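Coordinates in review
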Amino acid sequence: MSELFMILGFALAAYAIVANDSIQTLGTFLASNSKRPWWSLWVWISGIMVVTVTWGWIANGGDPAFGRLSAAGKNIAHPDAYGGIFTWLFVIPPLCLVILTRMGIPVSTSLLVLTAFKGLIAAQQGKSPKGAVDLFNSMMQKSLVGYALAFVLGLIIFAAVLYIMERKVLKEKDGREKDGNLPHNELHPVWSVFQWLSTGFLWSMWLVQDLANIFVYLPRELSLLGLILSLGGMVLLQGYIFREKGGKIQKVVTSKTNTLDVRSATFIDLLYGIVLLFFKVDYIPKLFAMMDLAVPWPEKMPMSTTWVFLGLLAGREVGIALRLNVRSKGKVSNLIFRDAGKAFFGSAIAVVLALFLPTFIEPAAAERLEAEAAAAAAVSVESVESIEVLSEPPMGD
């Protein structure tokens, strides 16, 4: 039964995490290629995923999560490491994620899944959930820094340079609508090549960051068979997501300015990938260590890529609004705070699950320990009785 819950948790996490985070990595790709066959997009993205996951598995000694589950002082153990078991409670975090995804709410999958998982592990080990709260604080700190950096980058780049391209896109769109035609992309094929390459780069960087949220359910050293089976399942789930064109959560992307245009989508993906690459290399903790300052978070620390993406979109919307006056300041503010509010809601759920779920698993852990102690005591009594029988002198005739 423990293995069944482990596999179920992995499957739900693989679907929910990719489906929820599709707005970040694949949202613009899906939106701007909506007229292409869904299977062509699926083959491209799945191929990159297979290569990236396999590379991580080889480079990290069987760990496809790129070591992000073993950050110094913030490691997340697997139940097998201490003789624990998977119960139905471990399925709750990804199940909540599935529900929130179907509702169209962008949630930080890292904060929700990893924090709750850490709390359940602590409860099985007889520890307090303080470690889960500390993990949440460190991930949230890193994520908010990522939001700020992405916001500033989006604001500067789009307000200083890329607003020229966005203005051209808007004029073309207005011209088509006045002629009675729907907006469409009749661009040089090189733009499609650039977009597919930028999306591939972004997708690989996202996988490096967020594979930990999926593979947290599997052993830290995965066998070759385990790798093949898990990749097969992820590819099939991804095919379903592409066929559904991302689902309701795509509105977070399509509600933004020009995201249906290939050129805009290309630069969004490229800038987002650069920010994730910056955090992959862990420049900030390395810089603090070099200056003999307290490191804000350990290297290979997981983070919320959702917050980074929302920061980039927010900075972009502000930059475009400042230069082109496409939307009023009030509408831009509503967009930004609405998305941030949804993300904060998801973060609050993560804390609640981390503190609430362990209260159900503690009695189960205690009963198991009592059963093990009773079994050990019974064995001890039997051993003593056997020794006494053997030590009794033989009866005379």
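Within each chain, residues carry numbers counting from 1 in the order of the written sequence. Where local features are concerned, this predicted model is filtered to residues with pLDDT of at least 70; where side-chain atom pairs are given and counted, the filter is 80 or more; whole-chain, interface and lining totals use all residues. Note that the side-chain values use all heavy atoms of the structure and ignore hydrogens as well as water.

Structural notes on the overall build of the chain
- Strands are runs of DSSP state E lasting at least two residues, helices are runs of H or I lasting at least four, and both sets are numbered from the N terminus onward. Scanning the chain from N- to C-terminus turns up 14 helices and zero strands.
- Order of helices (α) and strands (β) in the chain, N terminus to C terminus: α-α-α-α-α-α-α-α-α-α-α-α-α-α.
- Relative accessibility under 20% of the residue-type maximum defines a buried residue, over 50% an exposed one, and the middle range a partly exposed one, all with a 1.4 Å probe and only protein chains included. Out of the 397 residues in the chain, the part that is buried amounts to 51%.
- What makes two residues a contact is simply this: any of their non-hydrogen atoms within 4.5 Å. Across the chain, the fraction of contacts at a sequence separation of at least 24, relative to all contacts at a separation of at least 6, is 86%.

Quick notes on helix α7 (residues 189–215)
- Residue count minus one, scaled by 1.5 Å, sets the expected span of a helix. With 27 residues, α7 extends 37 Å between its outermost C-alpha atoms, agreeing within 8% with the 39 Å of an ideal straight helix rising 1.5 Å per residue.
- To obtain the bend at a residue, axes are fitted to the seven residues ending there and to the seven starting there, and the angle between these axes is taken. Along its length, α7 shows its largest kink, about 50°, at Gln209.

Focus on empty space enclosed by the protein
- Grid points spaced at 1 Å over the protein atoms alone were grouped into cavities, where a 1.4 Å probe fits but cannot get out, and pockets, open sets with protein on both sides within 12 Å along at least five of seven lines, with lining residues defined by an atom within 4 Å of a point. Grid points are joined across faces, edges and corners, and a volume is the space filled by probe spheres set on the points. Taken as a whole, this structure holds two cavities of 30 Å³ or more when the rule is applied.
- What the second largest cavity holds in volume is close to 40 Å³.
- Where the lining of the second largest cavity is concerned, the elements lending two or more residues are α1 (2–25) and α8 (224–243).
- Among the elements that make up the lining of the second largest cavity, the one with the highest residue count is α8 (three residues).

Some points on the side chain of Thr305
- Of note, Thr305 is situated in helix α12 (residues 305–324).
- Overall, the relative accessible area of 0% leaves Thr305 in the buried class.

Looking at the packing of α7 against helix α10 (residues 262–280)
- Working convention: axes come from line fits to C-alpha atoms, limited for helices to the stretch in contact. Angles between N-to-C directions cover 0 to 180 degrees. Between α7 and α10, the least distance of the axes is 8 Å, while the angle of their chain directions is 30°. The angle between α7 and α10 places the two elements in the roughly parallel class. The interaxial crossing formed by α7 with α10 has left-handed handedness.
- Side-chain classes are defined by residue name, with Ala, Val, Leu, Ile, Met, Phe, Trp, Tyr, Cys and Pro counting as nonpolar, Asp, Glu, Lys and Arg as charged, and the others, Gly among them, as polar. Tallied by class, residues from the contact of α7 with α10 come to 16 nonpolar, seven polar and three charged. Roughly parallel here means an angle under 35 degrees, roughly antiparallel means over 145, roughly perpendicular means 65 to 115, and every remaining angle is called oblique. If you view the pair so one helix is near and one far, a crossing is left-handed when the near helix is turned anticlockwise from the far one by less than a right angle, and right-handed when it is turned clockwise.

Remarks on the packing of aromatic side chains
- Ring geometry is summarised as follows: Phe, Tyr and Trp rings, the Trp one being its six-membered ring, pair when their centres sit within 6.5 Å, and such pairs are stacked at plane angles under 30 degrees, edge-to-face over 60 and tilted between the two. On inspection of all chains with the given rule, the structure shows 18 aromatic pairs.
- Note on Phe278 and Phe279: the rings are 5.4 Å apart at their centroids and 90° apart in plane angle, and the pair reads as edge-to-face.
- Through a chain of ring-to-ring contacts, three or more aromatic side chains come together here, namely Phe86, Phe90, Phe117 and Tyr217.

Side note on the environment of Ile105
- Among the structural elements, Ile105 can be located in the loop between α4 (92–102) and α5 (109–124).
- For the pair Ile105 and Lys342, spaced 237 residues apart in sequence, the C-alpha separation works out to 6.2 Å.

Considerations on the environment of Thr87
- Its location among the elements puts Thr87 in the loop between α3 (38–59) and α4.
- For Thr87, a relative accessible area of 15% corresponds to the buried category.
- For Thr87 and Ser2, which are 85 residues apart along the polypeptide, the C-alpha to C-alpha distance reads 6.1 Å.
- Not counting residues up to four positions away in its chain, the partners in contact with Thr87 are Phe5, Gln124 and Ile361.

Focus: the nonpolar core
- Residues Leu112, Trp203, Phe215 and Tyr217 are the most contacted members of the largest nonpolar core, which totals 101 residues.
- Residues contacting Phe215, with those up to four places away along its chain left out, are Phe10, Val53, Pro64, Ala65, Leu69, Arg220, Leu222, Ser230 and Met234. The nonpolar core is taken to be a set of buried Ala, Val, Leu, Ile, Met, Phe, Trp, Tyr and Cys residues, with the residues joined through side-chain atoms within 4.5 Å.

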